[in-house]
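Residue-level structural notes
Take a look at the letters that make up each chain.
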Amino acid sequence: MERTKLFLYNVKIDNTYTDRKDSIVLPTNVCQITAVCANLTNGSGYLSLFNEKTNEQILNQRLIANDKKHFNKKNLPVYSTPENNNLSYVLRLIETDPEKVCRLKIYISYIEKPIAK
């Protein structure tokens, strides 16, 4: 039986740089990614998401900021089958205060594969 689950990628951003590239390690039982929601505290910028192995684009320069909208209102439906691959992202900051801590949170909704027993 397949179930929909939520994965949170939460990382502190060094906001003295304007660009950041990194990898998101997904759980091994991810079958299909159904939605993505991104939030950036203390700033705004553009986020792009890719499948690390195939370079399939999941999001293309989506504007993210520290708004107080609920998760369900910011959730973007996507369709991606990562097939045991990780995701990579590129974040380009356009506005931030280097005196304050900047955090990137990406919520990934996915359908998990049943684990064979």
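Preceding this section is the structure that the text describes.
**Details of the overall build of the protein chain**
In terms of regular secondary structure, the protein chain is built from one helix and eight strands. The order of helices and strands in the protein chain, counted from the N terminus, is β-β-β-β-β-α-β-β-β. Taken against the 2.2 N^0.38 rule, which gives 13 Å for 117 residues, the C-alpha radius of gyration of the protein chain at 15 Å falls within 12% of a compact globule. Oriented by its inertia axes, the alpha-carbon framework of the protein chain measures out at about 50 × 30 × 25 Å. Across the 117 residues of the protein chain, 40% fall into the buried class.

**Some words on the side chain of Asn85**
Locating Asn85 in the fold gives a position in the loop between β6 (76-80) and β7 (87-96). Asn85 gets classed as buried once you look at its relative accessible area, which sits at 13%. A distance of 2.8 Å separates the side chain of Asn85 from the backbone oxygen of Pro82, its partner in a polar contact.

**Observations regarding the environment of Tyr89**
Relative to the helices and strands, Tyr89 resides in strand β7. Owing to a relative accessible area of 1%, Tyr89 belongs among the buried residues under this scheme. Along the primary structure Tyr89 and Asp22 are separated by 67 residues, whereas in three dimensions their C-alpha atoms are 5.7 Å apart. Filtering out sequence-adjacent residues up to four positions away, Tyr89 remains in contact with Tyr9, Val11, Ile13, Arg20, Lys21, Asp22, Ile24, Leu47, Ser48, Leu49 and Leu104. At 3.4 Å, the side chain of Tyr89 forms a polar contact with the side chain of Tyr9.

Thresholds, definitions, all that
- Residues numbered from 1 in each chain as written.
- Predicted model: local features only at pLDDT ≥ 70, side-chain atom pairs only at ≥ 80, totals over all residues.
- Heavy atoms only, no water.
- Helix = DSSP H or I, 4+ residues; strand = E, 2+ residues; numbered from the N terminus.
- Rg over C-alpha atoms; globule rule 2.2 N^0.38 Å.
- Buried < 20%, exposed > 50% of the residue type's maximum accessible area, 1.4 Å probe, protein only.
- Polar contact = N/O pair within 3.5 Å; in protein donor to acceptor, adjacent residues only side chain to side chain.
- Contact = heavy atoms within 4.5 Å.

These figures capture arrangement, not role.
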